[in-house]
Amino acid sequence: MDAANDLFVRWMHLEQKLVERFGKKPDLESILFLIGVQEFGQLKDKFSKEQKQDLMHVAVCALLSQSGYFKLDRFDDDGWPHFEQLKAMPNMTMREQEDFLKDHVLLYFEQNGL
């Protein structure tokens with residue numbers, strides 16, 4: 001099985017687990033939001049649009065820290081994590097970026113036992 005098919009199969013398994021857990025199939029943005037909330041560590045009844053974007057940014061930084069692109073720098077007074085970029089991202093097509101992120105999402109769920 002080639003890498004693209006392997007990623008597809010693993011992604012489908014993750015989606016199925018999330019459907020079982022939440023009752024509907026999440027898109028990548030929804031998954032990033034969930035990871036961002038997990039990393040932020042504070043569950044609120046409602047997040048503002050800006051906070052949702054911030055949570056997705058936190059998720060991307062946390063995911064890419066697994067490969068050394070970012071590292072957690074500090075938490076601010078409101079509990080938000082801040083990351084330092086350690087190296088530049090490689091040039092990728094949109095499809096390659098999505099697959100790169102999906103692979104990191106899968107690794108995150110595997111490492112966190114989710």
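Above: the structure in question.
Notes on the structure follow.

Rules used throughout
- Residues numbered from 1 in each chain as written.
- Predicted model: local features only at pLDDT ≥ 70, side-chain atom pairs only at ≥ 80, totals over all residues.
- Heavy atoms only, no water.
- Helix = DSSP H or I, 4+ residues; strand = E, 2+ residues; numbered from the N terminus.
- Rg over C-alpha atoms; globule rule 2.2 N^0.38 Å.
- Buried < 20%, exposed > 50% of the residue type's maximum accessible area, 1.4 Å probe, protein only.
- Contact = heavy atoms within 4.5 Å.
- Areas by Shrake-Rupley, 256 points an atom, 1.4 Å probe, with all protein chains shown as cover.
- Lys, Arg positive; Asp, Glu negative; His and termini not counted.
- Charge placed at Lys NZ, Arg CZ, Asp CG, Glu CD.
- Expected span 1.5 Å × (residues − 1).
- Pairing = 2+ DSSP bridges.
- Core = buried A, V, L, I, M, F, W, Y, C linked by side-chain atoms within 4.5 Å.
- Phe/Tyr/Trp six-rings, centres within 6.5 Å; stacked < 30°, edge-to-face > 60°.
- Lys NZ or Arg CZ within 6 Å of the ring centre and 35° of its normal.

This paragraph deals with the overall build of the chain. On a plain count of helices and strands, the chain comes out with four helices and two strands. Relative to the compact-globule value of 13 Å for 114 residues, the chain shows a C-alpha radius of gyration of 15 Å, a close match. By its C-alpha atoms, the chain is 45 × 35 × 25 Å across when sized along the principal axes. Counting across all 114 residues of the chain, residues that qualify as buried make up 29%. Taking the intrachain contacts of the chain between residues at least 6 apart in sequence as the baseline, contacts between residues at least 24 apart amount to 48%. Carbon together with sulfur atoms contributes 49% to the accessible area of the chain, which is approximately 7,800 Å² in total. With 14 positive and 20 negative side-chain charges, the chain shows a separation of 4 Å between the mean positions of the two kinds.

On to helix α4 (residues 94-111), then. The end-to-end C-alpha distance of α4 is 26 Å, a good match for the 26 Å that 18 residues give at a rise of 1.5 Å each. Of all the residues in α4, the buried ones are Leu101, Lys102, His104, Val105, Leu106, Tyr108 and Phe109. Once α4 ends, the next one or two residues include Gly113, with phi positive near 60°.

Another point: the pairing of strand β2 (residues 81-85). Of the pairings in the sheet, the one linking strand β1 (residues 70-75) to β2 comprises five bridges and is antiparallel in character. Across the sheet, the residue bridging to Phe70 is Gln85, located in β2. Connecting β1 to the next strand, β2, in antiparallel fashion are five residues, including Gly79 with a positive phi near 90°.

Moving on: the nonpolar core. Judged by nonpolar contacts, the single largest core of 19 residues is most densely connected at Ile35, Val105 and Phe109. Mapped onto this core, the elements with two or more residues apiece are α1 (3-22), α2 (28-40), α3 (49-65) and α4. With five residues, the top contributor of residues to this core is α4. In this structure, Val105 is in contact with Trp11, Leu14, Leu28, Ile31, Leu32, Ile35 and Leu63, ignoring residues within four places of it in sequence.

What follows is about the packing of aromatic side chains. Scanning the entire structure with this criterion turns up five aromatic pairs. Ring geometry for Phe40 versus Phe47: centroids 6.5 Å apart, planes at 65°, classification edge-to-face. Like Phe47, Phe40 is buried. Both rings, one in Tyr108 and one in Phe109, keep their centres 5.9 Å apart while their planes meet at 85°; by these two values the pair is edge-to-face. Taken individually, Tyr108 and Phe109 each receive the classification buried, so the pair is uniform in this respect. Linked through ring pairs, Phe33, Phe40, Phe47 and Trp80 together constitute an aromatic cluster. Against the face of Tyr69 rests Lys87, its NZ or CZ located 4.6 Å from the ring centre.

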